[in-house]
Amino acid sequence: MAIKFEKLSYIYSPDMPYATKAISDIDLEISEGKITAIIGKTGSGKSTLIQHLNALLLPSSGTLTIADFTITSDKKPKGLKALRRKVGLVFQFSEYQLFEETILKDVAFGPKNFGFSEEEAIARAKEALGLVGLDESYYERSPLDISGGQKRRAAIAGILAIDPDIIVLDEPTAGLDPRGTKEMIALFSALNKKLHKTIILVTHDNEIVYESADEVVLLEDGKVVCKQDAHSFFEDRALLKSHAIIEPKIVKLKDLLMDKGLKLDNIYSIQDLAVALGGNHE
Amino acid sequence: MNNIVFGKYIPLDTPIHRLDPRAKILAMLVMLVAIFIPAGWTGYVVLALAISFVVKVSKIKFKVIIRAFRPLIFMMCFLLVVNILSVKQGQLLVDIGFVKIYADAIFNTLYIIIRLFLMIMLTTILTMMTKPLDLTLGIEYLLGPFKRIGVPAHEIAMMISIALRFIPTIIEETIRIMNSQKSRGVDFEEGKLKEKITAVVSLVVPLFSVSLQRADELANAMEARGYVPDAQRTRYRRLHYVRRDYILLVGAILILLAMIALALFL
């Protein structure tokens, strides 16, 4: 499922004096089967961009192609449901979408909407809850009674239960504790590696980008600045500097060590670094 | 959802924006009274011209104001039907067996529609051209004299300003929850009755839970800052009438007098 933006622009409240162009002339291709991180400052158009991916927003101009779906500025798109079945969007603070009496029912809500039978929806819900690490003891609990991190996971399970090919997550780790964040990163990697999902991640946290993403898309003022391989992106110090991007800790550490004369090329993880410094592998 | 116009402040710098909120509120009240004076077509032309002039000065596109009427179209059609069925005066226009349409039915409906139009136009101008904070400040000042007879002016103003403050937040919240549920396959536009009910429940339950949570947080934040409703307080901003405010008020009162004159002598 290749994703291709062509000359896509979106304008908020076009008739008002305060009409704002949130994104303009986006030309972008997002690769299948990879984890792509979309980064950029607040207001750079990240959230606007991803809401096009399942046609919650329709472009003001330009087109978006996802496999055989084409989204244009046409007001009444067809096959929306089929598209939303393929592209699952997890919103920022997704825990607010929970509404059913039990967690299991809430997670089964999505698949039921897409036409799965009651039993099948429940089976899918159980599977999705397993993926996010909520065991049987949570099935019958109210989604309003569990902790924030667990709510977040239940909400993500609600999308996973639909089994989309492309999973889009808007700031999935915002407000989670370090452990929750770590588990979340592990979950995305697993979804990508084991279940071969295409993952698109919107985040502020460059640590997460460095650790999990294959590719990085940098947005600024509604335009794509660059799209490249995550490791080479963080190696490009001039680019990072000119866009005021804080480098991940490991890159910073590497820089400090290289300043002292160590040669550390092609090292992208803490394991590699440890080995290069004479530590044991594993 | 983005089409909700009513009550949304538009940040511009026009003469209308700079007017004293008290003057704007008073002028609006005077004009509302003027609208309800039966001054015939001439009167409405005068009013429409006056209000259009204000819209023109305020630099707002007519299209945007027209949008505020859209939700009322159904009501207006309903009104027309009721009037056709009940009013049996004036010239007989159409006579198809049991349906008899009289001229007065049409005229009465038109009168009401024009009145509604003008009223909505006025109130929309007021809320679009005045910062919610200024608006409540104005209301508080205007209610001031009634404090002596036990009207809690400050509390009323505080409640209004909190309510106004949270309208956009709640709309935003609603859009976000709707989008989340759409991603889970909810169709808010179409579907059978049972599906529609589920769709609404999937929106309303989270919305209530978020709103209650927000109210709780706000109450805590206010208490943490030592808010006491009936405390004596001073203001950073004080309101002063200047010449343009008097011009507005005098203009509004002149229009009201003109309407009364038209109603009496025509």
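The structure presented is a predicted model; accordingly, all values stated were derived computationally and were not measured.

A look at the domain arrangement of chain B
Consideration 1: Considered domain by domain, chain B is made up of domain 1 (1-152 + 234-266) and domain 2 (166-229).
Consideration 2: Relative placement of domain 1 of chain B and domain 2 of chain B: their C-alpha centres are 31 Å apart.

Looking at the interface of chain B and chain A
Consideration 1: Tallying the contact residues gives 28 residues for chain B and 26 residues for chain A.
Consideration 2: Summed over both sides, the interface between chain B and chain A buries roughly 2400 Å², with carbon and sulfur atoms accounting for 60% of that surface.
Consideration 3: The three residues of chain B that bury the most area against chain A are Arg176, Ser183 and Arg184 of chain B, which together make up 31% of that side's buried surface.
Consideration 4: The interface formed by chain B and chain A includes 1 salt bridge.
Consideration 5: Its salt-bridge partner being Arg184 of chain B, residue Asp106 of chain A comes within 3.0 Å of it at the nearest N-O pair.
Consideration 6: The tally of links from chain B across to chain A stands at 7 residue pairs in polar contact (both at pLDDT 80 or more).
Consideration 7: Of all the secondary-structure elements, those providing two or more residues to the side of chain B that touches chain A are helix 4 (62-69), helix 8 (153-183) and helix 9 (193-224) of chain B.
Consideration 8: Partitioning the side of chain B that touches chain A into residue classes produces 11 nonpolar, 9 polar and 8 charged.

Re the domain arrangement of chain A
Residue and element names in this part refer to chain A.
Consideration 1: For chain A, the domain assignment lists domain 1 (3-247) and domain 2 (248-282).
Consideration 2: Averaged C-alpha coordinates put domain 1 and domain 2 at centres separated by 32 Å.
Consideration 3: With 9 residues of domain 1 in contact, the opposing surface of domain 2 contributes 9 residues.
Consideration 4: Interface of domain 1 and domain 2: buried area, both sides summed, is about 900 Å²; carbon and sulfur atoms make up 58% of it.
Consideration 5: Viewed at the interface, domain 2 and domain 1 are joined by 2 salt bridges.

Observations regarding the side chain of Arg84 of chain A
Consideration 1: Following the sequence through the fold, Arg84 of chain A ends up in helix 2 (residues 80-86).
Consideration 2: Buried and unpaired, Arg84 of chain A has no salt bridge, with Asp187 of chain B as the nearest side chain of opposite charge at 6.6 Å.
Consideration 3: Residues in contact with Arg84 of chain A, not counting those within four places in the same chain, are Asn54, Ala55, Leu56 and Phe114 of chain A together with Lys182 and Ser183 of chain B.

Brief notes about the sheet that holds strand 6 (residues 87-90) of chain A
Residue and element names in this part refer to chain A.
Consideration 1: Ordered by their spatial adjacency, 6 strands build an open sheet running 6-7-8-3-9-10, and the pairing between neighbours is mixed. What marks the edges here is a single partner per strand, and that holds for strand 6 and strand 10 (223-229). This sheet shows a mean twist of 15° between the axes of neighbouring strands, independent of strand direction.
Consideration 2: Its contacts with the sheet put helix 5 (residues 148-160) on strand 6 and strand 7 (166-170), and the angle it makes with strand 6 is roughly 165°.
Consideration 3: Sitting on the sheet, helix 6 (residues 178-193) is in contact with strand 3 (35-39), strand 7 and strand 8 (198-202), with an inclination near 155° to strand 8.

About the cut-offs
- In every chain, residue numbers begin from 1 and rise along the written sequence.
- Key to labels: chains lettered from A, ligands numbered from 1, both in the order written.
- Two thresholds apply to this predicted model, a pLDDT of at least 70 for residue-level local features and 80 or more for giving and counting side-chain atom pairs, whereas whole-chain, interface and lining totals are computed over all residues.
- With hydrogens and water set aside, each side-chain value is computed from the structure's full complement of heavy atoms.
- Domain start and end points were adopted from an automatic or database domain assignment.
- Contacts are assigned to residue pairs with any non-hydrogen atoms lying within 4.5 Å of each other.
- Once two parts are put together, the accessible area they lose, assessed with a 1.4 Å probe and summed over both, is termed the buried area.
- Salt bridges, as used here, are contacts in which a Lys or Arg side-chain nitrogen is within 4 Å of a carboxyl oxygen on Asp or Glu.
- In protein, a polar contact means a hydrogen-donor-capable atom and an acceptor-capable atom, both N or O and within 3.5 Å, with residues adjacent in sequence counting only if both atoms are side-chain atoms; elsewhere, any N or O pair within 3.5 Å suffices.
- Note on conventions: DSSP H or I runs of at least 4 residues are helices, E runs of at least 2 residues are strands, and numbering of each starts at the N terminus.
- For this classification, the nonpolar set comprises Ala, Val, Leu, Ile, Met, Phe, Trp, Tyr, Cys and Pro, the charged set comprises Asp, Glu, Lys and Arg, and every other residue, Gly included, is treated as polar.
- Accessible area is worked out with a 1.4 Å probe on protein chains only. A residue is then buried under 20% of its type maximum, exposed over 50%, and partly exposed in between.
- Charge assignment: positive for Lys and Arg, negative for Asp and Glu; neither His nor the chain ends contribute.
- Whether two strands pair comes down to DSSP finding at least two bridges between them.
- Axis lines are fitted to C-alpha atoms, over the contacting stretch for helices. Their N-to-C directions set the angle, which ranges from 0 to 180 degrees.

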